[in-house]
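Topology and contacts: notes
What follows is the residue order along each chain.
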Amino acid sequence: MPHVPPRRLALLGGGFSTEDDGLIDDWLLGHARTPRPKVCFLPTASGDAPAYAERFLTAFRTHPSCTPCVLPLFRRTVDDEALRAHLLAQDVVYVGGGNTANLLAVWRVHGVDRLLREAYDRGTLLCGISAGANCWAEASHTDSFGPLTSLPDGLGLLPGSVCPHYDSEPGRRSSYRSAVGGGALPAGWALADGTGILFTDGSLTEAVTRAPGAHVYRVQADDGGGGVVQERALPCRRLSRTPDA
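Residues numbered from 1 in each chain as written. Predicted model: local features only at pLDDT ≥ 70, side-chain atom pairs only at ≥ 80, totals over all residues. Heavy atoms only, no water.

1. Points about the nonpolar core
Side chains of nonpolar character tend, in soluble globular proteins, to be buried together. By size, the foremost hydrophobic cluster in this structure holds 39 residues, and its most contacted members are Leu11, Leu42, Leu87, Trp107, Leu116, Trp136 and Ile197. With residues up to four places along the chain from it excluded, the contact list for Trp136 reads Leu9, Leu11, Val95, Trp107, Leu116, Leu126, Cys127, Gly128, Leu155, Gly156, Leu157 and Leu158. Counting 24 residues, the second-largest nonpolar core is a separate cluster that includes Phe16, Leu23, Ala32 and Leu239. (Core = buried A, V, L, I, M, F, W, Y, C linked by side-chain atoms within 4.5 Å. Buried < 20%, exposed > 50% of the residue type's maximum accessible area, 1.4 Å probe, protein only. Contact = heavy atoms within 4.5 Å.)

Have a look at this one:
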């Protein structure tokens, strides 16, 4: 039988765009399928903001164990065949934050959604922060349309819903809990800033945090109904540069 690689997906509550210590990104790269992975950044959700792309390259070029690149779509320069070859050659696809709804629309126009599914099935580690975390699930909690709301749309590689910035943006926690309790969103995963969570073949593998008190949460409607929500903090391994911290 042909070898079937594990399908891995990571939701990030931190990384190069919000932190300087590199703990989340180091953890992420440790789960790539090769010791020196090719890492492709997709800044689509930010409209391919040049400063965002440059910040990624600055952070990852200095990393001794990866080869980074950026894939812009708003000023695309490659044809469909080259686009597919490029994405399937990556070991990690890292999606930046911004507007989740716009991200999904642009990907679909260019066929990137289909290519990412193919890459995922071939063992590429998919990941992202904020909108880049939202996009992989069936649904998400987003401010893509201004006020916080439910977006029953996504690539569906991860069952359920995702909520980023659970502890840092006003209204996020209460709004997400209300959406899950009222049935606007399915049960899902809420990430505090500074955390990360890894799934392998759709199952939770590991949750980590770089800060005490920051957690990943499982949020689901109570079986009794009535809008009651259960929120469970997952055990998170603490990331640190010192082994005894």
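2. Remarks on the packing of aromatic side chains
Tallied over the full model, the rule gives 15 aromatic pairs. Geometrically, the ring pair formed by Tyr166 and Tyr176 is edge-to-face, given 6.2 Å between the ring centres and 90° between the ring planes. One end of the pair, Tyr166, is in the loop between strand S8 (158-163) and helix H7 (172-182); the other, Tyr176, is in helix H7, and 10 residues separate them in sequence. Neither residue differs from the other here; Tyr166 and Tyr176 are each classed as buried. An aromatic cluster is present here, built from Phe16, Phe41, Tyr52, Phe56, Phe60 and Tyr94 joined pairwise through their rings. Over the ring of Tyr217 we find Arg173, and its NZ or CZ is 4.8 Å from the ring centre. Over the ring of Trp189 we find Arg218, and its NZ or CZ is 4.5 Å from the ring centre. (Phe/Tyr/Trp six-rings, centres within 6.5 Å; stacked < 30°, edge-to-face > 60°. Helix = DSSP H or I, 4+ residues; strand = E, 2+ residues; numbered from the N terminus. Lys NZ or Arg CZ within 6 Å of the ring centre and 35° of its normal.)

3. Some details on helix H2 (residues 50-61)
Between its first and last C-alpha atoms H2 spans 16 Å; for 12 residues at 1.5 Å apiece the expected length is 16 Å, and the two agree. Turning to H2, its buried residues number three or more, namely Tyr52, Ala53, Phe56, Leu57 and Phe60. Buried positions in H2, seen along its axis, are confined to an arc of 135° and lie on one side of it. For H2, exposure combined with an orientation more than 90 degrees from the buried face picks out Pro50 and Ala51. Contacts made by the buried residues of H2 are with helix H1 (23-29), strand S2 (38-42), strand S3 (67-70), strand S4 (92-95) and strand S5 (125-129). (Expected span 1.5 Å × (residues − 1). Arc of directions from axis to C-beta.)

4. Some remarks on the pairing of strand S9 (residues 188-191)
For S8 and S9, the ladder comprises 3 bridges, and the chain directions are parallel. Its bridge partner being in S9, Val162 is matched across the sheet by Trp189. Taken together, S8, H7 and S9 constitute a β-α-β crossover, and its handedness is right-handed. Alignment of S9 against strand S12 (residues 216-221), held across 4 bridges, turns out to be antiparallel. In the sheet register, Ala190 faces S12, and the bridge partner there is Tyr217. (Pairing = 2+ DSSP bridges. Right-handed = clockwise from strand over helix to strand, strands pointing away.)

5. Comments concerning the pairing of strand S1 (residues 8-12)
In terms of residue burial, S1 counts as a mostly covered element, since 5 of its 5 residues are buried. Residues Arg8, Ala10 and Leu12 point to one face of S1 and Leu9 and Leu11 to the other, with burial holding for every one of them. Note: S1 against strand S10 (residues 195-200), 5 bridges, orientation antiparallel. What sits directly across from Arg8, in S10, is Thr200. Strand direction decides the pairing type here: S1 and S5, joined by 4 bridges, are parallel. Across the sheet, the residue bridging to Ala10 is Cys127, located in S5.

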